[in-house]
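What the coordinates show
Listed below, chain by chain, are the residues.
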Amino acid sequence: MTTWEYATVPLIVHATKQILDQWGEDGWELVQVLQGPEGNLVAYLKRPKQG
């Protein structure tokens with residue numbers, strides 16, 4: 001059975017692609033992007049847990 005680890009990452013609107021590309025290179029998969037209470041965007045990511 002796969003065990004997952006999760007991360008929440010604040011997104012800067014003018015650098016969203018670069019931020020997500022960097023996390024993707026590290027094996028993270030984007031699950032969802034939500035707007036935070038102050039209007040900022042937050043990405044929720046997951047990847048299989050190692051060991």
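Preceding this section is the structure that the text describes.
All of these numbers come straight from a predicted model, not from anything done at the bench.

**Description of the pairing of strand β3 (residues 41-48)**
In the sheet, strand β1 (residues 4-11) pairs with β3 via eight bridges, with the strands oriented antiparallel. By the bridge assignment for β3, Glu5 is matched with Arg47. Examined bridge by bridge, strand β2 (residues 29-35) and β3 share six bridges and lie antiparallel to one another. If you follow Gln35 over to β3, its bridge partner there is Leu41. Here β2 folds back onto β3, and the loop between the two strands holds five residues, one of which, Gly39, carries a positive phi near 90 degrees.

**A word on the nonpolar core**
Grouped together as the largest cluster of nonpolar side chains are eight residues: Ala7, Val9, Leu11, Ala15, Ile19, Trp28, Ala43 and Leu45. For this core, the secondary-structure elements that each account for two or more residues are β1 and β3. Excluding residues within four positions of it along the chain, Ile19 makes contact with Val9, Pro10, Leu11 and Ile12.

**Some remarks on the environment of Leu45**
Along the chain, Leu45 falls in strand β3. Here Leu45 is in contact with Glu5, Tyr6, Ala7, Val9, Leu20, Trp23, Trp28, Glu29, Leu30 and Val31, once residues within four sequence places are set aside.

**Remarks on the packing of aromatic side chains**
One pass over the structure, following the stated rule, counts one aromatic pair. Centre to centre, the rings of Trp23 and Trp28 are 5.5 Å apart; their planes meet at 65 degrees, and the pair counts as edge-to-face. What makes Trp28 buried here is its relative accessible area of 11%. Just above the ring of Trp4 sits the side chain of Lys46; from NZ or CZ to the centre is 4.1 Å.

Parameters and conventions
- Residues numbered from 1 in each chain as written.
- Predicted model: local features only at pLDDT ≥ 70, side-chain atom pairs only at ≥ 80, totals over all residues.
- Heavy atoms only, no water.
- Pairing = 2+ DSSP bridges.
- Helix = DSSP H or I, 4+ residues; strand = E, 2+ residues; numbered from the N terminus.
- Core = buried A, V, L, I, M, F, W, Y, C linked by side-chain atoms within 4.5 Å.
- Buried < 20%, exposed > 50% of the residue type's maximum accessible area, 1.4 Å probe, protein only.
- Contact = heavy atoms within 4.5 Å.
- Phe/Tyr/Trp six-rings, centres within 6.5 Å; stacked < 30°, edge-to-face > 60°.
- Lys NZ or Arg CZ within 6 Å of the ring centre and 35° of its normal.

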